[in-house]
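Here is how the chains run, residue by residue.
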Amino acid sequence: MSVTFARRNNTTQQLLNRAELLSSRALPQQKIIVITDKVGFEPNASSVIASLLKEQYGDTAGSAELVAHLNERAKFQLMIISNLERRFEAAQIFKYITRCRKTPQIQHVFVWIVEQKLKEAFLLPYIEHMADSVITFEEKTHLSLLVKKHTGAVTNKYYEFDPMKESFFVVEVKRSASTKQSTALKEADEPPAPNPAALGTFKIDLKDEEMAAKNALTLPFEFFKTLPEGGKILYHPDAEDDLDEEDPDDDLLI
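Rules and cut-offs
Residues numbered from 1 in each chain as written. Predicted model: local features only at pLDDT ≥ 70, side-chain atom pairs only at ≥ 80, totals over all residues. Heavy atoms only, no water. 1 Å grid on protein atoms, 1.4 Å probe; cavity = no way out; pocket = protein on both sides within 12 Å on 5 of 7 lines; lining within 4 Å. Points joined across faces, edges and corners; volume = space filled by probe spheres on them. Nonpolar A, V, L, I, M, F, W, Y, C, P; charged D, E, K, R; others polar. Helix = DSSP H or I, 4+ residues; strand = E, 2+ residues; numbered from the N terminus. Buried < 20%, exposed > 50% of the residue type's maximum accessible area, 1.4 Å probe, protein only. Salt bridge = Lys/Arg side-chain N within 4 Å of Asp/Glu carboxyl O. Pairing = 2+ DSSP bridges.

A. Seen up close, the layout of surface pockets. In this model, the second largest pocket occupies a volume close to 240 Å³. The residue inventory of the lining of the second largest pocket, partitioned by class, reads four nonpolar, six polar and four charged.

This is the structure:
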């Protein structure tokens, strides 16, 4: 997908000079690549991945094998989570991704996620956490790319691209004010994270005076730690207890 922009000629030329291949940013040394699709490119997922592989490795790269049984060994793989989630438990999907990461002959696993199709919302953040790169198609001409480097550093950049072209040439741009506002509004519309204290019938938080009383309480085992003889077990028999001063296990020779 090479870039074409409807702007003044000089501005367009400047942008073209800054254009770079998305694959050169998202693929090198990155095994688990998550594609978060907010636009609706999923029907063309295979062709999108084929384009990225061709950009990076040439015509001999071929296409990625579509994962169907969670036992594939192909060098390049494509996981469509909306399909796999209907057949497998989340834990099975997570284990497969982990196994792929540890398998040397597997070079890239592309995990395609459409959040609106997920049955379990936690899948998206969990798999993104497992990823080395996260490509998010935010709009039809804009995407963001998060890359986790082996040094521990993380980069997150915003790009413009032309979806009508065969190659993914991207140009780094700044988010517009309207984009930032729409993102903020979307986050505001999302339900807040549940309060753990409201998930049960028991109380898990304490007031200040309750916390002070808790900290001032000396438990029995803490009390005996301060005695010269150290901790010990004290037994106070009841009136009905039958105590024998002799050793009941004397005949066992132990």
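Back to the text.
B. Quick look at unusual backbone geometry. The phi dihedral of Q29 falls on the positive side, at around 60 degrees, and the residue is not glycine. Position of Q29 among the secondary structure elements: in the loop between α2 (22-26) and β2 (32-37). In this structure Q29 comes out as exposed when scored by relative accessible area, which is 65%. If you check the backbone angles, L70 has positive phi at about 60 degrees while not being a glycine. Here L70 shows up in the loop between β3 (65-66) and β4 (76-80).

C. Quick look at the pattern of salt bridges. Summed over the entire model, instances satisfying the criterion amount to six salt bridges. Among the ionic pairs, E138 bridges to R175, the shortest N-O distance being 2.8 Å. Residue E138 is found in strand β6 (residues 133-139), and its partner R175 is found in the loop between β9 (169-172) and α7 (177-189); the two are separated by 37 residues along the sequence. In this structure R175 comes out as partly exposed when scored by relative accessible area, which is 29%. Between K157 and E172 there is a salt bridge, with the nearest N and O atoms lying 4.0 Å from each other. Remark: E172 occurs in strand β9 and K157 occurs in strand β8 (residues 154-161); sequence separation between them is 15 residues.

D. Region of interest: the pairing of strand β7 (residues 142-148). Burial of β7 is extensive: five of the seven residues sit out of reach of the surface. When β6 meets β7, the two strands line up antiparallel, connected through six bridges. Directly across from E139, in β7, lies its bridge partner H142. Here β6 folds back onto β7 in antiparallel fashion, the turn holding two residues.

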